[in-house]
Structures are given as C-alpha cells and as structure tokens.
Amino acid sequence: QEFSSTAAETELKIANTNETLTLPVMTATTVWDIKEMLAERLGVEATSLQFFAKQGCYVREQKDCEEIRRRVTVKGVRSFERARMEYPHAMAVIGAGHIGLRQAMIFMKAKEFNFVIFDRKPRVGGAAWWDQANTTSKLQTELGVYHLNFDETLPPPKDDYPWPSRDALLEHFDEKAREYGIMPYIRFNTNVAEMSISGAKEHTVYELTLQKTDGTSDVEDRFMTSAVMLYPGNLSVPRRDTYKGEETFGGIIGYGMFNEVDYDALRGVSVAIIGHGAFAVENVRTCLEYNAGQLYLVCRRKNLSCPRFVSWLANQSVTPVSAALFLNAMQPMYDLVGYDPWTYYAVQANAARTNCTIMQKARFGIGDVYFLAISWGKLEVIEDPGGVKRLSDGALHCCNGRRLEVGAVLKLLGFIGNFDNDRLMKVKEMVGFWVNEDPKRYLVAEPISVMASNLGGTSFSPAAIAWSEQAMWFMHYPKDFYSKVLEQSYGLMPRHKTNGEDVPAYVVDARHGTQTMMIINSLIPWLAQRSTVEIEIKATRMWTLHPVEKFIQYCKEDWDYYCDRLRKEGLSGPEYPYTADAVGRYLKAYEAEHQAATERSRAM
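This text gives an overview of the structure that appears in the document. Because the structure is a prediction, the values reported are computed rather than measured.

## Let's talk about the overall build of the protein
Now for step 1: Secondary structure summary: the protein contains 16 helices and 33 strands in total.
Now for step 2: Against the globule reference of 25 Å for 604 residues, the protein gives a C-alpha radius of gyration of 28 Å, in line with a compact fold.
Now for step 3: The C-alpha extent of the protein, read off along each of the three principal axes, is 100 × 65 × 40 Å.
Now for step 4: When each of the 604 residues of the protein is scored for burial, the buried share is 54%.
Now for step 5: Excluding contacts between residues fewer than 6 apart, the proportion of contacts in the protein whose partners are at least 24 apart in sequence is 71%.
Now for step 6: Carbon and sulfur atoms provide 50% of the accessible area of the protein, an area that totals close to 26700 Å².
Now for step 7: Considering the protein, the positive charge centre built from 68 side chains and the negative charge centre built from 75 side chains are found 2 Å apart.

In structure tokens form, the structure reads like this:
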C-alpha cells in the first residue's frame, strides 16, 4: 500500500502550558513517528509520551498507529527543551590553559555557570606556554586557527600577524579570560592532588584534595564536585638521556625548552640539536635569533616538516586537503634542500604518487626557517639510525663515525605523558576521551602523531572547541553516554590502556582521536551540526585574518629577515620559493578537490 506523502504541519502543545512546537509532517506520519522523534530530541522513552487530540466534542488519546492529527496536546514532558542533568555540586575543570578556558566559554555560552577551574599557576595560559616554551618561542601554526575568539558569535582578533610570540599569546589568554568573565571561576595556585569517588553512574560524586602551590598554606582543602574535566595540555615530561662523555665535553649541554638554556651564551657557538620534532625545528629558529654559529641537527630519522604555506592551505580548507596535495605543496621548500618528502618513512604512497597516507609518530614542526637554514648552509641535518654515540672535549660523535666540533648540545628528544594524570583520574582504560566508561570523568590531551590520508588543519582551536562541546553535552545528558556511546556504537569506540612503561592511558594517538570524534558526531546530531559550523569558522577566520596574498607577503618578509642575518655572516642562498604562480597552482588543485568532494557528498 502506498501512503500519501503530501506535506503538512502538526502543532504540538505541552499540556497545561502555552509552549508549542510546530513540525513538518506528511499525511501518513504516525503518532509513533512523532513520539520517537520527540524521545530522541528530549532524551526520554517514547512509551512515556501521550498524545491527545480533539475529535468532535471530545478529546481522546491517539493510538501509536494512527495518523498524527494537526493539533495535538502532549503529556509526559514538561518542555520541548531537553532538561539538563542537575548536579548537587559544581563541576570541576582542571587546567586554565587553552582548552580549560575554552570549556569555561562553552559553559557560559550555554548559560551554565555551575563550574570551577583549578590551576597550579598564578595566571592563565597553561603549561605548554608557561613551562615548555622558551621566551623566543612563537606560534607555529596561524593565529586565525589559534585564539579564544574562535566562535561564530565572537569577532576575530584585530591583529593579523600570523605567528604571535609566547608572551603575546599569554597576554591574549589573560585578556580574554577577563573580558569574558572567566576569572571569578578560577582558583589559581591550586593543585588537585587526589580524588576519591562515591556513587554510581550519573549520580557519582568526586571529592578532590586541593593543595596550595604558592606557599601560603600547608593545609589541604577538600572540594566536592559532580564532574571532573582534566586538560593537562601537551605531553609534559621531556624525554631525558645522558650521553657517554658528557662530563668531559666542556661546553653547554641542556634541553632546549623550559628556558633551561641561556641562549645568549650560544652567540658564535656551533650547536648540535638532537632530535627532529617540532621543538627541534623551533630551536633552529631560536639559534638563528641568537646568532649561534654552525648548526647541526642530529636525528635517527627525519620527520616531515611543514612549510608555513602548506599549513595555511590545510587550515583554510572546508573539505580536507588530500595527503597527496599536502606533500605536493611541500615540494618547493623540499626542492631547496634536495629532499624528496615522498620518500620519508612516514609516507605510504602508490607508485604514481596520486594517493598516500602520512603515518608519523611526531607532529609536524611547522616553519620555513628550517628549510632556509639548510639551503643557506647554516644548518646540516645528519640522519644516523644509531644516534649519538658519545661526547668528548668539544665534540659530539655520531654512531656512523661522524665527529662534530661543537660548543653546545641541545637535547630535544620529545615528550612523554605524565602518569600522575592517570593516577589522579584513576584511569584503567580510556573510552574515547572518557575514563573507565564514566561520562563525568573527561580527560583530553592533544592526541600524538599524524595519521591521515586527508588533512583538515594543523592547529588547536578547532579541536579545543569540539572537545569542550563534547564534554558539556555528556555532562548535561549523561544518559546519552550509556544509551548511545556504550550501547549503540557497537564496540567501535576506541579504547586505550597504558603500556606500563612510558605511555599513560590518557595519551592516545591521532587515529584514536579522529575515530572518537567521528563516532560521537554520528550519535549526537547537535555535535555533528556544531562540527559543520566549526569548519566554516575555521575557513572564514583564515581568509579574514590571512588572505593568501597577505599571508605570503608575511612569509616572504620573515624569510628575507633571516636571509639578511645570514648574509652578514657571509652566507648566500635561495629566495622564498612560493611565488604567486606556485601558490595559485596549489589553490587551484585544492579547489578541484573541494568541488569533487562536494559533488560526491551531494550524490550520497
């Protein structure tokens, strides 16, 4: 039997209220169809709803199999707005860095004010910028996708310079925390040392043990909370290694982070940088800033480094950039240094180089100075699978037999997670970003590695807003976590446990993070809708703050600045490689990819 598909409207009215909801329906739409829709929207059981409609002089309850009437009174709910979980205690946010501040902004935007933020520091900003960064550190990605105004209801930053300094970013965090009224919710100089748990499921409560970090009190405090969100920032514990012969080296040995090294002492000194991650690449620029002598970067294998234009290309995208185009767009920089990015260990590609996947343990170091320093003869990259063999008086010895005459060794060996975070949150297993299947224990650190055949960006703010909205949804509607995430995901939610050695459970890789986001968005329509909005914010902010001509101008000015410094040292090298024609070709290639992806989506 064919049913009528004639369009119509039905007005639903909550019994004993004036609240109404008008829905588009078809003539054949049944009562049960509407009950199921409302149940999904309001988080209630469809069987708990009753629909009443006037029939002649009487009002009678409609049966589930009947066609929905045009005016219906609904019993079983108090409002068409879904009721949030009400908690007896404030929710706790641990960490006043980028995500912690974003979480506060997301809460306040949703008129949720029942939260408190704890941070060990006396100011906002987070450990990544306060502790790990050096005073000369700059943002590697672009400001357009790294700022607290990253929201469709807020204006973009006024400054269009793409790579602000550490101090400028800390000032930005402080300014926005004050402007948006977050400061009264933050308890600074407070360490959350312990947590005890009582209750079950959505009625679980947590008792936090608080310690002052400014020496004002030795007395521990107790704080009852109904939910805990921990945002520990980047991996925070540097890998450390001691080389044979360090005691005889006679020069500077230190870690190129945490302001451990006096960079003024590197002026005119040849430097060996150990490692090839983002911090190692950043230290190349820092050494140039301080007029260090010859630079060597010693690594077991080379990671892909990302030129600034290629980062811009990914961050301005609406549909992600294919990994093949991402690598092709790198080529002008890699040609300067004689490297072929397609041959790197991280790249798995077909013979024609039309399709590929990037699987890299470390995140991209983003910047042009790395390539400039190599092409101008200031930096030599030494790839030695054996690494550093030993040090001697004024020299570093590689396992391949190479001897480097240097006066300083900067160790940039990467970071590992902090097992204290697992201990505090009592993590046995991460389910997505939730601890032990508990929707009210949420723990997010930026996933490690690069695992992608398409790249939608290289920055933090788009992820930070999505993570914060995820946290809020399941704090407000914890039953959705049990009924949808645990029951309806059919075991697809990624899970992760510690390896018991150097990887805590909360430290997850890029695949875990991506899979979590995809599954959650497929289960929660509001979060899927927000994801679409945030992609538009990303693309719009990039083109508003960093239109391509202006961005390339900034890149070239920065390149020329360092070229002038190297010319004074008697060096020479190539000009900035991304011409207007080259940039136009890669943008045209992206636009073709975007159009094809859009057409495929429409055809589905």
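## Overview of the nonpolar core
In globular proteins that are soluble, nonpolar side chains generally tend to be buried together.
Now for step 1: Core analysis: the largest hydrophobic core is formed by 138 residues, its most contacted members being I182, L304, F309, F326, I358 and Y442.
Now for step 2: The biggest single contributor to this core is helix α8 (residues 323–337), with ten residues.
Now for step 3: If near-sequence neighbours (up to four positions away) are discounted, Y442 is found in contact with V228, M229, L230, Y231, M425, F433, W434, W467, Q470, A471 and M475.
Now for step 4: V116, Y206, V427 and A505 belong to the second-largest nonpolar core, a separate cluster that totals 23 residues.

## Focus: the packing of aromatic side chains
Now for step 1: For the structure shown, the criterion picks out 35 aromatic pairs.
Now for step 2: Seen from their ring centres, Y161 and W163 are 5.6 Å apart, and the 90° between their planes marks the pair as edge-to-face.
Now for step 3: Between Y334 and Y344 the ring centres are 5.8 Å apart and the planes differ by 85°, which places this aromatic pair in the edge-to-face class. Of the two residues, Y334 is situated in helix α8 and Y344 in the loop between α8 and β19 (347–349); the sequence distance between them amounts to ten residues.

## Focus: helix α14 (residues 525–545)
Given 3.6 residues per helical turn, the α-helix brings residues three or four places apart onto the same face.
Now for step 1: Between its first and last C-alpha atoms α14 spans 30 Å; for 21 residues at 1.5 Å apiece the expected length is 30 Å, and the two agree.
Now for step 2: Along α14, the positions that sit buried rather than exposed are L527, R530, E534, I537, K538, A539, R541, M542 and L545.
Now for step 3: For α14, the secondary structure elements touched by its buried residues are α2 (98–109), α7 (308–315), α11 (461–476) and α13 (510–523).

Cut-off values and rules
- Residues numbered from 1 in each chain as written.
- Predicted model: local features only at pLDDT ≥ 70, side-chain atom pairs only at ≥ 80, totals over all residues.
- Heavy atoms only, no water.
- Helix = DSSP H or I, 4+ residues; strand = E, 2+ residues; numbered from the N terminus.
- Rg over C-alpha atoms; globule rule 2.2 N^0.38 Å.
- Buried < 20%, exposed > 50% of the residue type's maximum accessible area, 1.4 Å probe, protein only.
- Contact = heavy atoms within 4.5 Å.
- Areas by Shrake-Rupley, 256 points an atom, 1.4 Å probe, with all protein chains shown as cover.
- Lys, Arg positive; Asp, Glu negative; His and termini not counted.
- Charge placed at Lys NZ, Arg CZ, Asp CG, Glu CD.
- Core = buried A, V, L, I, M, F, W, Y, C linked by side-chain atoms within 4.5 Å.
- Phe/Tyr/Trp six-rings, centres within 6.5 Å; stacked < 30°, edge-to-face > 60°.
- Expected span 1.5 Å × (residues − 1).

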